[in-house]
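Below, each chain spelled out in residue letters.
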Amino acid sequence: MDEPVYKKPSGTLAALVWHEVRMRVRGGIIWGGLLGLYSAMIVASYAAVEEQIPQFEQLLEAYPQAILEAFGITSLATPEAYMGGQFFNWLAPLALSFFPILALAGAIAGAEERGTLDVLLGNPIPRWQLVVGGFLAVAISLLGVLAIVGVLTWVPAALLGVELSAGRTIEAVLSLWPACMFFGGMALLCSAAFHRRALAVAVPGVLLFGMYLMNVISGLVEELESIKYLSVLYYYGAPIENGIDWAHFAGVAAAAVALMALAIPVFRRRDIYT
Amino acid sequence: MVIKTENLTKTYGRSRGIRDVGLSVEEGEVFGFLGPNGAGKTTTIRVLLDFLHPTSGRAEVFGLDTVKDSVRIRANVGNLPGEFALEDRLTGEQLLRFFARLRGVKDLGYAYELAERLGADLSRPMRRLSRGNKQKIGLVQAMFHRPPLLILDEPTGGLDPLVQEEFLKIVRELRGEGRTVFFSSHVLSEVERVCDRVGIIRDGELVDVEPTDALINKSFRHVRLVFDEPVDPRPFRALEGVRSFRAEGPELSFTLYGDLDRMVKLAARHTLVNMEYERPSLEEIFLTYYGGSGRNNDG
């Protein structure tokens, strides 16, 4: 009989990340495809109304400030501003955050509910690797989703003759990455702490909409302007118009990593139920 | 000692958990862990694998602490959970390749051999497999890396009788190779067939650990005596340890918990035509532990 081997196996984290990325390929293509197609439709709509933009600008001045703030509309004068107001400044972060939220809520609490966690953890994987591996896999998958969205935004623009900056498009999709991963990190922390996937989706979901509202209200009510600093969406900003603020990018990414790091001791301490 | 627990206690939520469980499993034995659903079998296993942290007491596997050295322990353990699911979209082969990567196993030859013996279909996605077929994949993933210790929680659930038979044969082969098997079950007949020793857990407490034979032999017997003519039943009824006594003409039947010698000598005073002396099934012994006051009713 083989004697027990007392050394821990190596390469488990890489195997785990590779496995998780593979498991998310189909979902990533669907997410990227749907949001990318929506973005392509916005590009197409810009191409269709480009000549009427000055009239739209006049119309925009008559809009209530609350509406403009809610949808992050600053102007329609350029393709970047149009894309920001229609998609990148509000819908993209709100919708795409649910990709890491759903994925990372399922990484621990979801796997526990489904019953797959017992078999997986029957293997020699430390719990921290399950947390870090899940986070890395979703971070990589999200980059893939963003690449699809970017391609489906810029290629139709080029084909339709819309002068959308490729650089700004890249910056816009890349800026979504830390913001979405922040909410994913929150989902992972909840997934590590609670035994129910629904809670791990609900908490970051409510936080996301809460932060969105804070960002909108801070622009409408002068007395509440300072609450924007509490919202991740403030640090996300309007990257398709203004480019990436790398300090904000790094800060939000660090916050996402911190949430993942916090999930490690939380998961290590808790029991796993059937 | 492969598994050793001392005063192992786990309480959680509203569930009872386990209380002061102290058991030892030796290298190379098949240890049956018996108890009805909810008795604490799965809780004990989950503590051994560090899925649950003990409330008090300690547990060691291969002399390693189950909390501090969980990863090293799991590197040497094949585990079949009692209730489990496998990734719906993956086939058995894809799953086994993934687990092989996690364990650093390069050769899947033994996995294919096990799959063939158990009739496991490795080519279809999990979502298309029946419960029994998923159970076969579960068994293969527990055994394919040839671990020194197997922890199997209700391993035959969902398997058809022929596959159960093949599985029990594999367990006997594993014992022959010197591997240790911790076999949790509520199906007593299969435990009786493969286990060297049996631990009985009830209401979260380990009530007895015995060699399987001793557990069966030490317990009561069903006795039926037929004489050539009716005899006075009162001396038989008065024997120590006689229960469920029935007398019908020349035939006496009873359950004997006490001394066999006295009964035989008493019967020898008459002309005995027939004598049946049956050991109880493990099921009956088991029910004895779980019936009435719950104490061991033996002797």
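Residues numbered from 1 in each chain as written. Chains lettered and ligands numbered in written order. Predicted model: local features only at pLDDT ≥ 70, side-chain atom pairs only at ≥ 80, totals over all residues. Heavy atoms only, no water.

This part takes up helix H3 (residues 92-103) of chain B. Its 12 residues place the ends of H3(B) 16 Å apart at the C-alpha level, agreeing with the 16 Å of an ideal helix rising 1.5 Å per residue. Considered for burial, the residues of H3(B) that qualify are B:Gly92, B:Leu95, B:Leu96, B:Phe98, B:Phe99, B:Ala100, B:Leu102 and B:Arg103. Structurally, H3(B) contributes buried residues whose contacts are with helix H1 (12-23) and helix H8 (116-121) of chain A together with helix H2 (70-74), strand S7 (77-80), helix H4 (109-118) and helix H5 (131-143) of chain B. Downstream of H3(B) by one or two residues, B:Gly104 has phi in the positive range, about 70°. (Helix = DSSP H or I, 4+ residues; strand = E, 2+ residues; numbered from the N terminus. Expected span 1.5 Å × (residues − 1). Buried < 20%, exposed > 50% of the residue type's maximum accessible area, 1.4 Å probe, protein only. Contact = heavy atoms within 4.5 Å.)

Residues and elements named next belong to chain B. Relative to each other, H5 and helix H6 (residues 161-176) sit at 10°, their axes nearing to 13 Å. In terms of axis orientation, H5 runs roughly parallel to H6. In contact with Lys136, Leu139 and Met143 of H5, H6 contributes Val163, Phe167, Ile170 and Leu174. For the contact of H5 with H6, a count of residues per class yields 6 nonpolar, no polar and 1 charged. (Axes fitted to C-alpha atoms, helices over the stretch in contact; angles between N-to-C directions. Parallel < 35°, antiparallel > 145°, perpendicular 65-115°, else oblique. Nonpolar A, V, L, I, M, F, W, Y, C, P; charged D, E, K, R; others polar.)

Further remarks concern the nonpolar core. In this structure, A:Phe88, B:Met143 and B:Phe183 are the most contacted members of the largest nonpolar core, which totals 157 residues. Examining the composition of this core, we find that 14 residues originate from one element, helix H10 (residues 166-193) of chain A, more than from any other. The residues touching B:Met143, leaving out its near neighbours within four places in the chain, are B:Tyr110, B:Leu114, B:Leu118, B:Leu150, B:Phe167, B:Ile170 and B:Leu174. The next biggest cluster of nonpolar side chains, apart from the first, holds 14 residues, and it includes B:Phe254, B:Leu256, B:Met263 and B:Leu266. (Core = buried A, V, L, I, M, F, W, Y, C linked by side-chain atoms within 4.5 Å.)

Once that is clear, we can look at the interface of chain A and chain B. In this complex, chain A contributes 37 residues to the contact, which on the side of chain B involves 37 residues. For the chain A and chain B pair, buried surface summed over both sides reaches about 3500 Å², with 56% attributable to carbon and sulfur atoms. Our count for the contact surface shared by chain A and chain B stands at 2 salt bridges. Among the ionic pairs, A:Asp271 bridges to B:Lys10, the shortest N-O distance being 2.6 Å. Applying the counting criterion to the chain A and chain B interface returns 16 residue pairs in polar contact (both at pLDDT 80 or more). (Buried area = accessible area lost by both parts, 1.4 Å probe. Salt bridge = Lys/Arg side-chain N within 4 Å of Asp/Glu carboxyl O. Polar contact = N/O pair within 3.5 Å; in protein donor to acceptor, adjacent residues only side chain to side chain.)

Residue and element names in this part refer to chain A. On inspection of all chains with the given rule, the structure shows 26 salt bridges over all chains. With a shortest N-O distance of 3.4 Å, glutamate 171 and arginine 168 are connected by a salt bridge. Here glutamate 171 pairs with arginine 168, and both are found in helix H10, just 3 residues apart, close to one helical turn. Here lysine 228 and glutamate 225 are joined by a salt bridge, their closest N and O atoms 3.2 Å apart.

Let us now look at the sheet that holds strand S10 (residues 197-202) of chain B. Residues and elements named next belong to chain B. Across the sheet, which stays open at both edges, the 6 strands sit in the order S7-S8-S9-S4-S10-S11 with mixed pairing between neighbours. Of all the strands in the sheet, the pair left with one neighbour each is S7 and strand S11 (205-211). When strand polarity is set aside, the average angle formed by the axes of neighbouring strands in this sheet is 15°. Here 5 bridges tie strand S8 (residues 149-153) to strand S9 (residues 180-185), and the two strands are oriented parallel to one another. Each residue of the ladder has a partner; that of leucine 152, found in S9, is phenylalanine 183. (Pairing = 2+ DSSP bridges.)

Let us look at the state of the cysteines. Residues and elements named next belong to chain A. Scanning the entire structure with this criterion turns up 0 disulfides over all chains. Considering cysteine sulfurs only, cysteine 180 is the nearest to cysteine 190, which forms no disulfide, with 17 Å between them. On the accessibility criterion, cysteine 190 (6% relative accessible area) is buried. (Disulfide = S-S within 2.5 Å.)

Attention shifts here to the confidence of the model for chain B. This prediction gives chain B a mean pLDDT of 90; 94% of its residues lie at or above 70. For residues 292-299 of chain B, every residue scores under 50 in pLDDT, and the model assigns this stretch 13 contacts once sequence neighbours within four places are set aside. (pLDDT = per-residue confidence, 0-100.)

Turning to the pairing of S11(B), a few remarks are in order. All names here are of chain B. In terms of strand pairing, S10 meets S11 through 6 bridges, oriented antiparallel. Within S11, the residue paired with arginine 197 across the bridge is proline 211. With antiparallel pairing between neighbouring strands as the criterion, S10 and S11 make up a hairpin whose turn holds 2 residues, including aspartate 203 at a positive phi of roughly 50°.

With that settled, consider the packing of aromatic side chains. Following the criterion strictly, the structure yields 17 aromatic pairs over all chains and no others. Taking 5.7 Å as the distance between ring centres and 5° as the angle between the ring planes, the aromatic pair formed by B:Phe31 and B:Phe182 counts as stacked. Of this pair, B:Phe31 sits in strand S4 (residues 30-34) while B:Phe182 sits in strand S9, and the two are 151 residues apart along the sequence. Ring centres of B:Phe98 and B:Phe99 lie 5.6 Å apart, and the angle between their planes is 35°; this geometry places the pair in the tilted category. With a relative accessible area of 2%, B:Phe98 lands in the buried category. Aromatic ring contacts, followed pair by pair, group A:Tyr38, A:Phe87 and A:Phe88 into a single cluster. Positioned above the aromatic ring of A:Phe267, the side-chain terminus of A:Arg127 is 5.1 Å from the ring centre. Geometry around B:Tyr110 places B:Arg146 over its ring, the cationic atom sitting 3.7 Å from the centre. (Phe/Tyr/Trp six-rings, centres within 6.5 Å; stacked < 30°, edge-to-face > 60°. Lys NZ or Arg CZ within 6 Å of the ring centre and 35° of its normal.)

Here we take up the domain arrangement of chain B. Where interface size is quoted, it is often the accessible area lost as the parts come together. Taken domain by domain, chain B comprises domain 1 (3-212) and domain 2 (220-278). Between the C-alpha centres of domain 1 of chain B and domain 2 of chain B there is a distance of 44 Å. (Domains from an automatic or database assignment.)

Take empty space enclosed by the protein next. Applying the stated criterion across every chain, the model contains 4 cavities of 30 Å³ or more. The computed volume of the largest cavity comes to approximately 70 Å³. As for the largest cavity, its lining consists of A:Asp118, A:Thr274, B:Thr42, B:Ile45, B:Arg46, B:Leu49, B:Phe51, B:Asn79, B:Pro81, B:Gly82, B:Glu83 and B:Asp153. Here the element with the most residues in the lining of the largest cavity is helix H1 (residues 41-48) of chain B; it accounts for 3 residues. Looking at side-chain class alone, the lining of the largest cavity contains 4 nonpolar, 4 polar and 4 charged residues. (1 Å grid on protein atoms, 1.4 Å probe; cavity = no way out; pocket = protein on both sides within 12 Å on 5 of 7 lines; lining within 4 Å. Points joined across faces, edges and corners; volume = space filled by probe spheres on them.)

This brings us to the UniProt feature "transmembrane region" (unreviewed entry) in chain A. According to UniProt, the positions carrying the feature "transmembrane region" (unreviewed entry) are residues 29-49, 87-109, 130-155, 175-194, 201-221 and 246-267 of chain A. The distance separating the terminal C-alpha atoms of residues 130-155 of chain A is 37 Å; by composition the span is 100% helix and 0% strand. (UniProt positions renumbered as here; feature names shortened; annotations may be inferred.)

With 12 residues, H1(A) should reach 16 Å at 1.5 Å per residue; the first-to-last C-alpha distance of 16 Å fits that figure. Considered for burial, the residues of H1(A) that qualify are A:Thr12, A:Ala15, A:Leu16, A:Val17, A:His19, A:Glu20, A:Val21 and A:Met23. For H1(A), the elements touching its buried residues are helix H2 (25-49), H8 and helix H9 (127-160) of chain A together with H3 of chain B.

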